[in-house]
Protein chains: 2
Amino acid sequence: MTQETLSKVIWGGIALLFGAATIFADRLGLAEKRWMVVAASMLVLAYAGWQTRALLSLDAGTERMHELAQYIREGAQTFLRREYQVLAIFAGVIALLLAVAIEPRPWVAVGYLLGTGVSALASWIGMSVAVRSNTRTANAARNSWAEALGVAFASGTIMGFAIVGLGMLTLTLMTMIFTDAYVWLGFVFGATSVALFLRVGGGIFTKSADVGADLVGKVEIGIPEDDPRNPAVIADNVGDNVGDIAGMGSDLYESYVSALVAAMVLGLSTYAALGETGAIVPLLLGAVGLISSLIGALFVSAPKGDETSFEEQVQKVHQTMNRGVYISNAVFLVAAYLLLANFLEQDVIAVFLCVLSGLATGFIIGPITEYYTSEHKPVIGMAESAQSGPAILIIDGLAVGKMSTVIPIFVIAVATVVAFKFAGLFGIAIASVGMMANLGMLLSMDCYGPITDNAAGIAEMAELDLVVRERCEMLDTVGNSTAALAKGFAIASAALAALAWLATYFDTANIAVASITDPQVIAGLFIGAMMVYLFSALTMKGVGEGAFATVEEVRRQFREIPGLLAGTAIPDYARCVDIATIHALHSMLLPGILTILIPLAVGLLLNPEAVAGLLAGSLLVGLPLAIMMANSGGAWDNAKKYIEAGNFGGKGSDAHKASVVGDTVGDPLKDTVGPSLDILIKLVGKMAVIFAPIFTWIVWNI
Amino acid sequence: MTQETLSKVIWGGIALLFGAATIFADRLGLAEKRWMVVAASMLVLAYAGWQTRALLSLDAGTERMHELAQYIREGAQTFLRREYQVLAIFAGVIALLLAVAIEPRPWVAVGYLLGTGVSALASWIGMSVAVRSNTRTANAARNSWAEALGVAFASGTIMGFAIVGLGMLTLTLMTMIFTDAYVWLGFVFGATSVALFLRVGGGIFTKSADVGADLVGKVEIGIPEDDPRNPAVIADNVGDNVGDIAGMGSDLYESYVSALVAAMVLGLSTYAALGETGAIVPLLLGAVGLISSLIGALFVSAPKGDETSFEEQVQKVHQTMNRGVYISNAVFLVAAYLLLANFLEQDVIAVFLCVLSGLATGFIIGPITEYYTSEHKPVIGMAESAQSGPAILIIDGLAVGKMSTVIPIFVIAVATVVAFKFAGLFGIAIASVGMMANLGMLLSMDCYGPITDNAAGIAEMAELDLVVRERCEMLDTVGNSTAALAKGFAIASAALAALAWLATYFDTANIAVASITDPQVIAGLFIGAMMVYLFSALTMKGVGEGAFATVEEVRRQFREIPGLLAGTAIPDYARCVDIATIHALHSMLLPGILTILIPLAVGLLLNPEAVAGLLAGSLLVGLPLAIMMANSGGAWDNAKKYIEAGNFGGKGSDAHKASVVGDTVGDPLKDTVGPSLDILIKLVGKMAVIFAPIFTWIVWNI
């Protein structure tokens, strides 16, 4: 037994013990049950810490690699620092308003600040790990691809478990201190604020830098991608971390805690007779999920053996990742059933079916996303139509994106009906918890993507051996798939979380009926639809302006810094990072503030039912649009890669040129607009719930 | 007083008499009131006939013009014949099903066949006039632009008044024979079937031909647009008639009769105490609208005087058109108020405000559409970004399209709330009537567009003098604006008509509440959203395949017909028309049938409330998507024109090449997908109302 296997067996054994203890915690008192959740959180945090120690002990490669990694690290820190400065002001203002307006004053504000702080901290940790693991992954690839895979996935688990562990830990501790559910809502709203800044701001940042770098570098000057002479190249690499680590992480984290809190709030009212047990069950399901994620992650291992072909390697990496997902899902389902059977006196099967429907939704949407965005019939058809030029390719890509929304929306509709049938509004929230429970495992896989992407970039810029670069590229290919899966999962989870919060809103605003025969509800639905288009137009405009500013700056540097093109001078990387950051912050404020003010205005000017319409409208219109944007973008990206692999003329052909246009169009759609809509449909729900006491007060008093 | 002025005074005098008689018809019996509507319909039909006689007496130009016009005429006839053959089978099957399943059997089927027949006839008349007036307009332009304007607008009035006159006439006669409202619903459903075939099928046809012609002609062979050597050039010109005359006409006609019937049905139940008077008021409002449209049209006249600059000419044409619209609206509002004051004993102001809110909605959406799609800040900004290549232009165009949805949706939401507040569900239907009342005038303006477009094409192909071609081009420029306005109006009217039918569905299915707290309603909403994306993906795919087939055929002809490129042989125009027709028919059947079956399935498998959700979901998701597609497409088109006018490098520059890509992407969006969504959101409402008795029967009996 190798040392690695031994340590896995030990971790696995401890995890099983903790899991069993959690399942049979029904014999304990309420406080002890909560301590079980705290213990499970500590366990995965300990695992993340143990992995971090191992990671930092690894060699970070050549001096040039060090240097490049440092630029990226500094850029990422600059971005986060700036974001957090503005976020601090934003959060301060919101906290003040909450402290004045929402009962129980001022504790909701405290919950809000806590939620903001923890989410910001988790994202900061994730980002710090990512910018340290990219160069270590590239360096490990100098030995073998299996070793590099090990490093990249281990780094992924650090981020994944740090994020979910921290979230669960603070949430549980908070419920022990504050028993008023409104404080918990404040906590979630804090996570939403961070997600708004990192996902929307990050999305605008990453594409401003990417498109700006490409337009001058590739198109005007004619230097390759990831060329260190391009002043925006570091900003582009920073963008990968900003968008896919901090942005995606904070987004999924938000879905995670908001699913848990929605289920806790609805659990309290659904199982009023059980007292606080209704609120503890979702937390315990979450704890079981932490443990099953950990067990799944232990089964992901770098395959031993000789070097094989590119395709075989890709397949093996996929296999081991899938093994991890399957095992964690299976373990979770068994454990969740036992837990429910022990804790609930009735409805065991019903609630379990809700958990299952949520898990299945996430599970089904993955392959659908994969089918429409990877090398299958739609993408190959798009690559073929690229031969007729960019226009036909873009039309085709829009059609594929639209088609790709059909099954996911249908699946979500079915899951909603099933969950509601079995356990009412609480069932919808529980489905959302079931979907998110294994987030630890999924985040590990997801964070693996940008790490390998960055590693490939560093290998390229540091001019490592061809075989090393090929290994990084292979790992990155898998990373693109996992990233696409994560995007699909993020959207689906946003939809279920939004539904759960719609349910919570009905509960907190005491709405039994919001009928589409009521013109106020219809007006709300329309305004929700309008918000989606307004929000996505504004974020797209933000990317356009940010890219334009980046282009100006890159042009200026090539004009004013002597020897830049010759490679004898170093560009001012930091300035490009700065410019993209400032633009991202500017562009996200207006849509962010509108998303907060419009539900408030609708609640004040119309009525609480109109706000329910607004939530439903924004979900209904935003969901397919987000899926379409993400999948069209992914499909264009992969159509380009398919052509670059030598099909339909390969690199340099007319089809390839057309596919570059498609890819550029898709970039902001899939990395800015689509993900931003996730935030929108979740944010309005939180706003509505937070403001619900004000709306109902008005109805009763005016 | 010239002969022209004299005849206008006579027509105006007669119209005023008829109008006054209609307003004061409250003293008459029910049958006589209906005869007043018949008389108003006959009046505008007589005007159309009188204009037709004048048109046919005009000279159709040179032999070459004759020949080209004949090709177009034959192509258009081929298309219509084929469409009508399949439509006949389709309508036969539907009629059979209706005769078996829906009470009062078999009269609903008779109403359906009548509706189908009248709408098909109206479109056939419109098309026949259009293919005869194009060459006469071009010929008149050889004398002066004012004369050409006169011919084109007079032809527009023939189509406009033939369509509304026929619709109102048959509808009224039918209500005299059949008093069961379900027969009227059958009549409307017939109009919807025709609109489905002509608008969706026509939309696919026109863009298959257009894109196919351009891809081989302009891109591969390098011959100019509208070059008679291109085998697909006639199909392209046929497409203008098919899409913008038959398609747009049948679409607006459908909104027109469906607004009227929805208001009649809801009027019957709202004013149950008044007996059939509730149903007669909407018809009388329609009659008053016919007359005010006629009066407005009389005020559109070719300005006398010397030739002025291009810009001044354009301005003058706009002015005279606007005068017609303003006058018809003003006359209608005064007449509508007097009518309501005479006929209703209460609610006069309330119902009038509903009429006003509908009229205002149509009126506000026009300038908004114009702002986002004509030479204003957004389009100029897009032209500027075309300098950075097609990708940025396309991103920018999508953002502009999204932004352009915000105000229209808001306006529709406000109109809904206002109309409902004042007169409940009936108010929404009346708002829809108010919006559509002046359709005669609007259709005249709208049909003017494709006629001048075709005239410009014929002038080009027949190689008329430069000054003649310039005059035609000037008229066509105005035509593009009126076409864009008509598109915005068509979408807005579809939205109000869909709302009116949602209201009718509540009424016929006896639904008092369809709450978004009910999972079945949520499932319905999601399925409605899904349908929109499915439908628009399928129609886009249809255009792609149709264009591909056209490309193959054009290539084959250039390969196999000797002397084609040299201009010594005549291409097989008819074959291209045939191919595009067959593809259009094939591609529209699946989306059409799905649109009929899905609401039925939802009603059978879920419940009537879920169907209400489906209607609301498809409207809510389809409306912004349709507006975005139409306006993005229009904006790309005009960004190209702005560059071609010499800005940002003008013709042949990189910006121009990028703008051609944008325009090609926009073509199917604005001419196929957007308009098809109009049909979808209206069709599902009709299906729901038709099937309502089955749904409710199931609820009560199973």
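Just above, that's the structure.
As a starting point, this report considers the structure included with it.

A few points about the overall build of chain A
For chain A, the count of helices and strands is 19 helices and zero strands. For 702 residues, the compact-globule estimate of 2.2 N^0.38 gives 27 Å, and the C-alpha radius of gyration of chain A, at 24 Å, lies within 12% of that figure. In terms of principal-axis extent, the alpha carbons of chain A reach across some 75 × 65 × 45 Å. For chain A, with 702 residues in total, the buried portion stands at 68%. Sequence separation of at least 24 residues holds for 86% of the intrachain contacts in chain A that already meet a minimum separation of 6.

As for the relation of the copies chain A and chain B
Mapping chain A onto chain B calls for a screw motion: a turn of 180° about the axis and a shift of 0.0 Å along it, with 0.1 Å RMSD after fitting. In short, the pair behaves as if placed about a two-fold rotation axis. Of every C-alpha in chain A, the one belonging to Ser515(A) sits nearest the axis of rotation, 1.9 Å from it. Taken together, the interface assignments show that 98% of the residues at the interface of chain A recur at the interface of chain B, consistent with an identical surface on both copies.

Describing helix α17 (residues 573–605) of chain A
Over its 33 residues, α17(A) extends 49 Å from the first C-alpha to the last, a length consistent with the 48 Å expected when each residue adds 1.5 Å. The largest bend in α17(A) is about 30°, located at Leu589(A), with the proline Pro591(A) one to four residues further on.

Quick look at the interface of chain A and chain B
Taken together, the contacts link 60 residues of chain A with 59 residues of chain B. For the side of chain A that touches chain B, the elements supplying multiple residues, two or more each, are α6 (181–221), α12 (390–403), α13 (406–436), α16 (519–560), α18 (608–644) and α19 (654–701) of chain A. Looking at which element gives the most residues to the side of chain A that touches chain B, the answer is α16(A), with 16 residues. Looking at the side of chain A that touches chain B residue by residue, the class counts come to 44 nonpolar, 12 polar and four charged.

As for the packing of helix α15 (residues 466–508) of chain B against helix α19 (residues 654–701) of chain B
Residues and elements named next belong to chain B. The contact between α15 and α19 brings their axes to 9 Å, and the two run at 15°. Considered as vectors, α15 and α19 are oriented roughly parallel to each other. The way α15 lies across α19 gives a crossing that is left-handed. Contact with α15, carried on its side by Ala490, Ile491, Ala494, Ala497, Ala498, Trp501, Leu502, Thr504, Tyr505 and Thr508, involves Pro675, Asp678, Ile681, Lys682, Gly685, Lys686, Ala688, Val689 and Ala692 of α19 and no other residues of that element. Broken down by class, the residue content of the contact of α15 with α19 amounts to 13 nonpolar, three polar and three charged.

Overview of the nonpolar core
Core analysis: the biggest nonpolar cluster contains 580 residues, and Ala429(A) and Ala429(B) have the highest contact counts within it. With residues up to four places along the chain from it excluded, the contact list for Ala429(A) reads Ala259(A), Ala262(A), Ala263(A), Leu266(A), Ala500(A) and Ala503(A).

Comments concerning the packing of helix α3 (residues 63–101) of chain B against helix α7 (residues 233–270) of chain B
All names here are of chain B. The N-to-C vectors of α3 and α7 enclose an angle of 55°; their axes lie 9 Å apart at closest approach. In terms of axis orientation, α3 runs oblique to α7. Crossing of α3 over α7 shows right-handed handedness. For the pair formed by α3 and α7, the contact residues are Tyr71, Ile72, Gly75, Ala76, Phe79 and Leu80 on the first element and Ile234, Ala235, Asn237, Val238, Asn241, Val242 and Ala246 on the second. Considered class by class, the residues forming the contact of α3 with α7 number 10 nonpolar, three polar and no charged.

A short note on the environment of Gln346(B)
As for its placement among the helices and strands, Gln346(B) is situated in the loop between α9 (310–343) and α10 (348–373). Residue classification places Gln346(B) among the exposed residues on the basis of 8 C-beta atoms within 10 Å.

Criteria and thresholds
Residues numbered from 1 in each chain as written. Chains lettered and ligands numbered in written order. Predicted model: local features only at pLDDT ≥ 70, side-chain atom pairs only at ≥ 80, totals over all residues. Helix = DSSP H or I, 4+ residues; strand = E, 2+ residues; numbered from the N terminus. Rg over C-alpha atoms; globule rule 2.2 N^0.38 Å. Buried ≥ 20, exposed ≤ 12 C-beta atoms within 10 Å, placed from the backbone. Contact = placed C-beta atoms within 7 Å. Least-squares fit on C-alpha atoms with pLDDT ≥ 70 in both. Expected span 1.5 Å × (residues − 1). Bend = angle between axes of the 7 residues up to and from the residue. Nonpolar A, V, L, I, M, F, W, Y, C, P; charged D, E, K, R; others polar. Axes fitted to C-alpha atoms, helices over the stretch in contact; angles between N-to-C directions. Parallel < 35°, antiparallel > 145°, perpendicular 65-115°, else oblique. Left-handed = near helix turned anticlockwise from the far one by under 90°. Core = buried A, V, L, I, M, F, W, Y, C linked by C-beta atoms within 7 Å.

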